Amino acid sequence: MNKHNIDILHSAISDTYLHKTEEIIAWVKERNEEVKVNISQINFSELKNWYISKQTGNIEHNSGKFFTIEGVNIEIKQENCKTWSQPIINQPEIGYLGFLTKEFNGVLHFLIQAKIEPGNVNKVQLSPTIQATRSNFTKVHKGKEPTYLNYFKERKGEVIIDQLQSEQGARFYRKRNRNIILKIDEDIEVFEDFMWVTLSQIKELLTYDNLVNMDTRTVISGLNYGSFNNDICSLINIVVTQDKNDFNRKVFLSILNKEKSLYTLNQIHSWLTELKSNYDLKVNLIPLNDVKDWIISNNSIYHKNNKYFEVIAVDVKIENREVANWTQPIIKPINEGIVAFICKEIDGILHFLVQAKLEIGNLDIVELAPTVQCITGNFRKGENEYEVKYLDLVLNAKKENIMHDVMLSEEGGRFFENQNRNMIVKIDENVKIEEHTNYKWMTLNQLLKFMEYSNNVNIEARSLLSVLSIK
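Quick look at the structure, then. What you are looking at is a predicted structure, and each value in this text was computed from that prediction instead of being measured.

### Overview of the environment of Trp50
Here is step 1 of the chain: Inspection of the secondary structure assignment puts Trp50 in strand β2 (residues 50-52).
Here is step 2 of the chain: With relative accessibility at 9%, the residue Trp50 sits in the buried group.
Here is step 3 of the chain: On a C-alpha basis, the gap between Trp50 and Thr68 in space is 9.4 Å, while along the polypeptide they are 18 residues apart.
Here is step 4 of the chain: A polar contact of 3.0 Å, which involves the side chain of Trp50, links it to the backbone oxygen of Thr327.

### Digging into empty space enclosed by the protein
Here is step 1 of the chain: Evaluation of the coordinates by the stated rule reveals four cavities of 30 Å³ or more.
Here is step 2 of the chain: Looking at the largest cavity, its volume works out to about 140 Å³.
Here is step 3 of the chain: Surrounding the largest cavity, 13 residues form its lining, Ser221, Leu223, Ile255, Leu448 and Leu465 being those nearest its centre.
Here is step 4 of the chain: Among the elements that take part in the lining of the largest cavity, helix α11 (residues 444-451) stands out by supplying three residues, more than any other.
Here is step 5 of the chain: Considering only residue class, the lining of the largest cavity consists of eleven nonpolar, one polar and one charged.

### Examining helix α8 (residues 246-256)
Here is step 1 of the chain: When you tally the buried positions in α8, you get nine out of eleven residues, the bulk of the element.
Here is step 2 of the chain: Listed as buried for α8 are Phe247, Asn248, Lys250, Val251, Phe252, Leu253, Ser254, Ile255 and Leu256.

### Side note on the nonpolar core
Here is step 1 of the chain: Core analysis: the biggest nonpolar cluster contains 87 residues, and Leu126, Leu223, Tyr225, Phe352, Leu368 and Ile424 have the highest contact counts within it.
Here is step 2 of the chain: Excluding residues that lie within four positions of it along the chain, Leu223 makes contacts with Ile8, Phe110, Ile160, Ile161, Ile181, Leu199 and Leu448.
Here is step 3 of the chain: Counting residues in hydrophobic clusters, the runner-up holds 20 residues, among them Leu47, Ile69, Leu288 and Val291.

### Describing the packing of helix α9 (residues 265-278) against α11
Here is step 1 of the chain: Closest axis-to-axis distance for the α9/α11 pair is 11 Å, and the angle between their directions is 55 degrees. Between α9 and α11, the crossing angle belongs to the class labelled oblique. Considering the relative orientation of α9 and α11, their crossing is right-handed. Here Leu265, Ile268, His269 and Leu272 of α9 come into contact with α11, specifically with Gln446, Lys449 and Phe450.
Here is step 2 of the chain: Of the residues in the contact of α9 with α11, the class split is four nonpolar, two polar and one charged.

Thresholds applied
Residues numbered from 1 in each chain as written. Predicted model: local features only at pLDDT ≥ 70, side-chain atom pairs only at ≥ 80, totals over all residues. Heavy atoms only, no water. Helix = DSSP H or I, 4+ residues; strand = E, 2+ residues; numbered from the N terminus. Buried < 20%, exposed > 50% of the residue type's maximum accessible area, 1.4 Å probe, protein only. Polar contact = N/O pair within 3.5 Å; in protein donor to acceptor, adjacent residues only side chain to side chain. 1 Å grid on protein atoms, 1.4 Å probe; cavity = no way out; pocket = protein on both sides within 12 Å on 5 of 7 lines; lining within 4 Å. Points joined across faces, edges and corners; volume = space filled by probe spheres on them. Nonpolar A, V, L, I, M, F, W, Y, C, P; charged D, E, K, R; others polar. Core = buried A, V, L, I, M, F, W, Y, C linked by side-chain atoms within 4.5 Å. Contact = heavy atoms within 4.5 Å. Axes fitted to C-alpha atoms, helices over the stretch in contact; angles between N-to-C directions. Parallel < 35°, antiparallel > 145°, perpendicular 65-115°, else oblique. Left-handed = near helix turned anticlockwise from the far one by under 90°.

Below you can see the structure in the form of structure tokens.
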């Protein structure tokens, strides 16, 4: 166990902090009341600094930066040559999602930001220290530089995590962000919209609906408390975890134990590689004008059956942002979705049923995903176009088997009031369920190993795993 593992573990279980959790919640409420926000839908013709290309119909920024709304055509030969086309966000630049951390009273604290995004359900959500696209931090918008940017550009301090991680593969075309956590020793000024909190407090705040944003969730999901053999884990179980609730203790041991698992890492790598190799997938960007079954109106681009999502334009006024007023296109879902992991103990270690999911925007075809991932809302009876495996186990779970159940938002800079029900359902170890071709039982230790490298674990899985607490 290295020093960073110890720091993270201590921050995840400590009751020592600078601000009580109730103070953090009150602070968010105060910022909601004090910061003036006005978000309104407008016609595409009212977009400023954006234009609709006469040649392609694509929605583009005058600078050629930020992102574009384009079309994409998909052909999957495995599924009876399934083909379709749809709008997609093309944002090739890599941005920063990062935390500054610092020890106070011997406990690692994270500098969290109360940030308002145009698509947030409840205006203010808790975001990382920095959350900025390259266009933002290079000031294409001619606004202010993001606060604390120089720490991340110059990598001031010790690096705890520095990873390239994927974004939503069903909505973005091959999008990634740099997830980074730095530890500093120096005293810094804490500005009005920032506060030091522990990892334990972030985990507690994640039990509240739509309070902690997706960018915070994806960054902290990669934090690791160490990796040990079975004998050491047995000792830790005796010494450290006796006062934890039973499920959190099982989570902790699933994170720590590198030896006990149903499948080896090599077996999982081979399974994933075979799936990636076998898919015959063609994904091509096309003009938005050429997208089939989608209708382009004055203020919306929507599917002819009013399904999935729509593209709208909004006028945004937020007084504490780098730019106080702007307009932009944004993705609006038709319904909320559901994201869920099924887990159970296998040989005394908690395993999660992980899906190898193909998504059209993935850089490497398939990524590890939750057991159930239905972000379009089409899991409802009468609306579903395909069988969602294991969905009944989630929707019909007994209350005592639901370990987590919380509404969490998608990233508010690109998605408008988009929230999903996030669930973790534990089933009895004696319950036998069929392990379909695209599914494997994995420990949390194994998932964290895959997370160390790019394009392995999707953002829905990382977001959901971030709610797990060891306290």
